[in-house]
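An overview of the molecular structure
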Amino acid sequence: MAGVLVTGSMILDMVITVPRLPEPGENVHGAGFAMVAGGKGANQAVAAARLGQDAFLMGCVGRDTFGDLILDAVEQAGVDASLVKRAPAALTGVALIAIEEGAGMNTIVVDPGANMALAVDDLDVLEPYYARARTALFQLEIPLDVVAEGARRARERGLVTVLDAGPPHDVPIEFLEAFDVVSPNEKELAALSGRVVRGVKSAMAAAKELAGTGIKRIVVKMGEQGALLVADGDAVHVPPFEIDGVDSTGAGDAFTAGLAVALAEGAGDAEAVRFANAAGAAAVTVLGAIPSMPERRAVQRLLVRGESV
Ligand code: RIB
């Protein structure tokens, strides 16, 4: 086994499917309310477990029923969540999510709550876990000083450090340099690079510019357009898998977890990005974040069918 150690957010997602996403100030009626465990950290840990690796999750929830619900969901998926902290004085993070019927596009509003109670000192409990993992996976939905110190410690202990750069943050280059792989989507790449990013051409230009500042590998998640890999001065477009999507929530998390799992297993960069593309594509076929994190066999089926367009 080549374990994945995730340090990140745990959030309860309140999801409503709507005929179309609301304009600012507009009231849109939807149907099919669901409360689903989510948060980028929890989603990625579950995806790593379902993709067949030992997955360890460090995060923080409140001492409330929402926290219980998320812990149950991640543990049922096979994640070792024994490291998760329960904050005495903060409520579990919550997200309000509208999903557009048919298109699967969403809008997400997050109150991170207890996620922001995670502190650098909490990382001390990770010490025995470094030897059990090959990749360390982070996002930007918990305090950034915890992410920076977590990445520094993981790299020092020999792990490959991977950053899912969501949600969008304008972080300095020195922060990004702690990661062996940085993986933003288009909006996150725009925030990191300060450029307008829309489509493959502009994403390629922004990623190359960012790589030129000293980031080793950048993998841009482009959704229906696949992904971009910028490494060692080379830039390639990795085509997507064609799939009928119902909900894109968590697809980026499945993608990044797929990338971390493949790298942990020793895959080459291009192979790892193709595996990540398949994991992201499989995730859009199911509603909700944690419920949509794919099993290894679903990803394998896509890879074997080779329906990359
Ligand atoms: O990446 C998807 C996740 O972002 C959702 O599960 C939601 O909790 C938000 O954090």
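Heads up: the structure comes first, above all this text.
Residues numbered from 1 in each chain as written. Predicted model: local features only at pLDDT ≥ 70, side-chain atom pairs only at ≥ 80, totals over all residues. Heavy atoms only, no water.

This next bit is on the overall build of the protein. Counting secondary structure elements, the protein contains 9 helices and 14 strands. Here the C-alpha radius of gyration of the protein, 18 Å, is about what a compact globule of 309 residues would show, namely 19 Å. Seen along its three principal axes, the alpha-carbon backbone of the protein occupies a region of about 50 × 45 × 40 Å. Looking at the protein as a whole, 55% of its 309 residues are labelled buried. Partitioning the contacts of the protein with sequence separation of at least 6, the portion at a separation of at least 24 is 69%. Surface accessibility of the protein: about 12,700 Å² in total, with carbon and sulfur atoms responsible for 54%. Charge separation in the protein, taken as the distance between the mean sites of 25 positive and 40 negative side-chain charges, equals 4 Å. (Helix = DSSP H or I, 4+ residues; strand = E, 2+ residues; numbered from the N terminus. Rg over C-alpha atoms; globule rule 2.2 N^0.38 Å. Buried < 20%, exposed > 50% of the residue type's maximum accessible area, 1.4 Å probe, protein only. Contact = heavy atoms within 4.5 Å. Areas by Shrake-Rupley, 256 points an atom, 1.4 Å probe, with all protein chains shown as cover. Lys, Arg positive; Asp, Glu negative; His and termini not counted. Charge placed at Lys NZ, Arg CZ, Asp CG, Glu CD.)

A few words on the packing of aromatic side chains. In this structure the tally under the stated criterion is 3 aromatic pairs. On the numbers, 5.8 Å between centres and 70° between planes, the contact of F138 with F179 is edge-to-face. In this pair, F138 sits in strand β9 (residues 133–138) while F179 sits in the loop between α4 (173–176) and β11 (181–183), placing the two residues 41 residues apart along the sequence. The class for F179 is buried, based on a relative accessible area of 1%. Judged by centre distance (5.9 Å) and plane angle (45°), the rings of F175 and F179 are tilted. A relative accessible area of 12% means that F175 is categorised as buried. (Phe/Tyr/Trp six-rings, centres within 6.5 Å; stacked < 30°, edge-to-face > 60°.)

Inspection of every chain in the model, using the stated rule, returns 16 salt bridges. Put simply, R86 and D68 hold a salt bridge, and the shortest N to O gap is 2.8 Å. Here R86, found in strand β6 (residues 85–87), pairs with D68, found in helix α2 (residues 65–76); they are 18 residues apart in sequence, far enough to count as distant. When its relative accessible area of 26% is taken as the criterion, R86 is described as partly exposed. (Salt bridge = Lys/Arg side-chain N within 4 Å of Asp/Glu carboxyl O.)

Among the nonpolar cores identified, the biggest contains 57 residues, and M10, L57, I70, V74, V79, L259 and V273 are the most heavily contacted of them. One finds L123, L126, A203 and I218 within the second-largest nonpolar core, a separate group that totals 44 residues. (Core = buried A, V, L, I, M, F, W, Y, C linked by side-chain atoms within 4.5 Å.)

Remark: helix α1 (residues 40–50) packs on helix α7 (residues 251–264), axes separated minimally by 8 Å, with the N-to-C direction vectors making an angle of 50°. Of the possible angle classes, the one that applies to α1 and α7 is oblique. Viewed along their axes, α1 and α7 form a crossing whose handedness is right-handed. In this structure, α1 uses K40, N43, Q44, A47 and A48 to contact α7, whose residues at the interface are D253, A254, T256, A257 and V261. (Axes fitted to C-alpha atoms, helices over the stretch in contact; angles between N-to-C directions. Parallel < 35°, antiparallel > 145°, perpendicular 65-115°, else oblique. Left-handed = near helix turned anticlockwise from the far one by under 90°.)

Here the focus is the sheet that holds strand β8 (residues 106–111). An order of β3-β2-β7-β8 is seen for the 4 strands of this open sheet, with the pairing classed as mixed. Each having just a single partner strand, β3 (31–38) and β8 make up the two edges of the open sheet. Averaged over all pairs of adjacent strands, the angle between strand axes in this sheet comes to 20°, irrespective of strand direction. Across 6 bridges, the pairing between strand β2 (residues 11–18) and β3 is antiparallel. Within the sheet, the bridge partner assigned to L12 lies in β3 and is A37. (Pairing = 2+ DSSP bridges.)

Summarising the element assignment, S202 is placed in helix α6 (residues 200–211). Within the structure, the side chain of S202 is placed 3.3 Å from the backbone oxygen of G199, a separation counted as a polar contact. (Polar contact = N/O pair within 3.5 Å; in protein donor to acceptor, adjacent residues only side chain to side chain.)

The two faces of a sheet get side chains in turn, since along a regular strand they alternate between them. Taking burial as the measure, the 5 residues of strand β1 (residues 3–7) include 5 buried ones, the bulk of the element. Residues G3, L5 and T7 point to one face of β1 and V4 and V6 to the other, with burial holding for every one of them. With 5 bridges joining them, β1 and β9 adopt parallel strand pairing. Note that in β9 the partner of L5 across the bridge is A136.

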